[in-house]
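# Architecture at a glance
Now for the letters of each chain:
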Amino acid sequence: MEIIDYFETDDKDYWLSEIKKSDWRAGKFLHELLTENKLKDLCGKSTKVLMLTENKKLVSFCTYAEQDDIREPSLTPWVGFVYTFPEFRGKRCMGKLLDYAHTLAKKEGRSHIYISTGENGLYEKYGYIFWKIMKDADGHDSRVYKIEV
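Presented here is a report on the structure given in the accompanying data block. Computed from a predicted structure; not experimentally measured. (Residues numbered from 1 in each chain as written. Predicted model: local features only at pLDDT ≥ 70, side-chain atom pairs only at ≥ 80, totals over all residues. Heavy atoms only, no water.)

### Details of the overall build of the chain
What counts here: Put simply, DSSP H or I for four residues or longer makes a helix, DSSP E for two residues or longer makes a strand, and each gets a number counted from the N terminus. Using C-alpha atoms as the atom set, the radius of gyration is obtained and then compared with a globule rule of 2.2 Å times the number of residues to the power 0.38. Three labels apply to residues, based on accessible area from a 1.4 Å probe with only protein chains included: buried if under 20% of the type maximum, exposed if over 50%, partly exposed otherwise in between.
Regarding its fold elements, the chain presents four helices and seven strands. Ordering the α and β elements of the chain from the N terminus gives β-α-α-α-β-β-β-α-β-β-β. For 149 residues, the compact-globule estimate of 2.2 N^0.38 gives 15 Å, and the C-alpha radius of gyration of the chain, at 14 Å, lies within 12% of that figure. In the chain, buried positions account for 48% of the 149 residues.

This is the structure in structure tokens:
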């Protein structure tokens, strides 16, 4: 398996079509943001779309960005749009992307990585701890997890 950044690939149309296959509402939203070239406007110019691939098949994806749906500039970076395709679930594929994000944050001298989610019990197995409830951009409660880098 290999990790690539959507923004650094020459085959963006192909990978965009793979992201579109996600059966998840947020995956569809990510596809829309990428199609309209608006993701970096929303999440920051250094945003990456990390994709775990296997033989030109998209296994998992997530963003690594300055901001996410919690709009708090003092908290950065964020992992967002976390998704694994059903046939790869239960194999800790997302852990590979989270580890890669951890490496990026460490290189950048960050102290923590944050994740905003409605999930409970998913990110703890990757070392994230529940930090607190915060309001997202739409004013809804979101569980914020963090991990020390």
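### A short note on the environment of Y145
Operational definition: Definition of a polar contact: a pair of N or O atoms within 3.5 Å, with one able to donate and the other able to accept a hydrogen when the atoms are protein atoms, and with sequence-neighbouring residues admitted only if both atoms are side-chain atoms.
With respect to the secondary-structure elements, Y145 resides in strand β7 (residues 141–148). The spatial distance from the C-alpha of Y145 to the C-alpha of E36 is 29 Å, given a sequence separation of 109 residues. A distance of 3.2 Å separates the side chain of Y145 from the side chain of E124, its partner in a polar contact. Side chain to side chain, Y145 and R143 meet in a polar contact 3.0 Å long.

### Quick word on the packing of aromatic side chains
Quick reminder of the rule: Put simply, two rings from Phe, Tyr or Trp (the six-membered ring, in Trp's case) pair if the centres are within 6.5 Å, and we call them stacked under 30 degrees between planes, edge-to-face over 60, tilted for the rest. The criterion is that NZ of a Lys, or CZ of an Arg, lies within 6 Å of the ring centre and within 35 degrees of the ring normal, and then a charge sits over that ring.
Tallied over the full model, the rule gives 12 aromatic pairs. Where Y123 meets Y128, the ring centres are 6.3 Å apart and the plane angle is 70°; that geometry is what we call edge-to-face. Each member of the pair, Y123 together with Y128, is buried. By the ring-pair criterion, three or more aromatic residues cluster together here, those being W24, F61, Y83 and F85. One Lys or Arg, K56, reaches over the ring of Y14 and ends 4.3 Å from the middle of that ring. Across from the ring centre of W131, 4.4 Å away, lies the NZ or CZ of K132, which sits over that ring.

### Some remarks on the pattern of salt bridges
Cut-off, in case you're wondering: Every case where a carboxyl oxygen of Asp or Glu lies within 4 Å of a side-chain nitrogen of Lys or Arg is listed as a salt bridge.
Scanning the model with the defined rule gives seven salt bridges in all. Among the ionic pairs, E36 bridges to K38, the shortest N-O distance being 3.4 Å. Given the relative accessible area of 40%, E36 is considered partly exposed. Here K38 falls in the partly exposed class, since its relative accessible area comes to 41%. Across the salt bridge formed by E108 and R110, the nearest N and O atoms sit 3.3 Å from each other. We classify R110 as partly exposed; its relative accessible area is 33%.

### Considerations on helix α2 (residues 25–35)
Definition in use: The directions from the helix axis to the C-beta atoms are what the arc is built from. Contacts were defined at the residue level, with two residues in contact if any of their heavy atoms lie within 4.5 Å.
Among the residues making up α2, those that are buried are A26, G27, L30, H31, L33 and L34. Seen end-on, α2 carries its buried residues on one side only, within an arc spanning 165°. Buried residues in α2 make contact with α1 (12–20), α3 (39–43), β2 (48–54), β3 (57–65) and β4 (78–84). A positive backbone phi angle near 55° is found at N37, which sits one or two residues after α2.

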